[in-house]
Amino acid sequence: MRQLLFAFTLLYVASFPLQLAAQTGAAPETAKPVDLKRYAGRWYEQGRYEMRFQAGCEAVTADYAARGDGTISVINTCRQDAVDGPSRSVTGTARVVDAPKNTKLRVSFFGPFEGDYWILDRAPDYSWAIIGDGSRSYLWLLTRRQRSTESEYRRLAARAAALGYDTAKIRSEEH
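Cut-off values and rules
- Residues numbered from 1 in each chain as written.
- Predicted model: local features only at pLDDT ≥ 70, side-chain atom pairs only at ≥ 80, totals over all residues.
- Heavy atoms only, no water.
- Helix = DSSP H or I, 4+ residues; strand = E, 2+ residues; numbered from the N terminus.
- Contact = heavy atoms within 4.5 Å.
- Salt bridge = Lys/Arg side-chain N within 4 Å of Asp/Glu carboxyl O.
- Phe/Tyr/Trp six-rings, centres within 6.5 Å; stacked < 30°, edge-to-face > 60°.
- Buried < 20%, exposed > 50% of the residue type's maximum accessible area, 1.4 Å probe, protein only.
- Lys NZ or Arg CZ within 6 Å of the ring centre and 35° of its normal.
- 1 Å grid on protein atoms, 1.4 Å probe; cavity = no way out; pocket = protein on both sides within 12 Å on 5 of 7 lines; lining within 4 Å.
- Points joined across faces, edges and corners; volume = space filled by probe spheres on them.
- Nonpolar A, V, L, I, M, F, W, Y, C, P; charged D, E, K, R; others polar.
- Pairing = 2+ DSSP bridges.

Peer 1: Honestly, the environment of S172 in this entry has me stumped. Any pointers?
Peer 2: Mapping S172 onto the fold places it in strand β9 (residues 170-172). Along the sequence, S172 and E45 sit 127 residues apart, while their C-alpha atoms lie 8.5 Å from each other. When neighbours within four sequence positions are excluded, S172 is seen to be in contact with Q46, G47 and Y153.

Right under this line is the structure:
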């Protein structure tokens, strides 16, 4: 398991130069302040830009919880190669870098190496969120429900397009 985590992290860190090269114009703006207590809990991935560190991941979940030191615990879990495949998880820590808005975080899964995690938009009731980064290299469409409807997914993808993301690059869960 440690070898899987190490390989996962190396691939993630190795993609940083690609993020910088992919910058297209101004960074997307984060929309609304985030109440981290309401944001905490389980999220289900509905779509994402395919990244090497998530290769073969199906049925992806992300769990967030406040820690006593002011940071946020992050546990990403997926099923390998199939929705009923073996489970694999990686644990990390996030810290807010734009308090009090709480929309821009830096996440680390391995030591001092961090990546951007921007909550670009969210539902008023925290039922969905769109996550990305300043270079538009990363994108995740998340909901609180395990499966979104086709119309819900289309609304999330349309909002991502409005934020400047290429929706043709989204790998979606089946809807």
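Peer 1: Any chance you could explain the pattern of salt bridges here in plain terms?
Peer 2: Here the idea is simple: oppositely charged side chains can pair when their charged atoms come close. Per the stated rule, a full pass over the model turns up twelve salt bridges. Connected via shared salt-bridge partners are E45, R48, E50, E58 and R171.

Peer 1: I keep staring at the packing of aromatic side chains and nothing clicks. Help me out?
Peer 2: To describe a pair of aromatic rings, you give the distance between the ring centres and the angle between the ring planes. Within this structure, the stated rule accounts for seven aromatic pairs. Note on Y138 and W140: the rings are 5.6 Å apart at their centroids and 15 degrees apart in plane angle, and the pair reads as stacked. Since its relative accessible area comes to 1%, Y138 is described here as buried. Note on W140: relative accessible area 13%, which makes it buried. By the ring-pair criterion, three or more aromatic residues cluster together here, those being Y39, W43, Y64 and Y117. One residue, K104, lies across the ring of W118, its end atom 4.2 Å from the ring centre.

Peer 1: Before we go on, may I ask you to explain the layout of surface pockets in this structure?
Peer 2: The gaps left among the atoms become clear once a water-sized probe is rolled over them. Considering only enclosed or pocket space, the largest pocket measures out at about 210 Å³ in volume. The set of elements that each furnish at least two residues to the lining of the largest pocket consists of β1 (41-49), β2 (57-66) and β3 (72-80). Counted by class, the lining of the largest pocket contains three nonpolar, four polar and five charged residues.

Peer 1: Explain the pairing of β2 here, please?
Peer 2: Moving residue by residue along a regular strand, the side chains alternate between the two faces of the sheet. Among the ten residues in β2, seven count as buried, and that is most of the element. Pairing analysis gives four bridges linking β1 to β2, with the strands arranged antiparallel. Bridged to Y44 within β2 is T61. Alignment of β2 against β3, held across eight bridges, turns out to be antiparallel. Note that in β3 the partner of A62 across the bridge is N76. Counting the residues in the hairpin turn of β2 and β3 gives five residues, including G70, whose phi is positive at 90 degrees.

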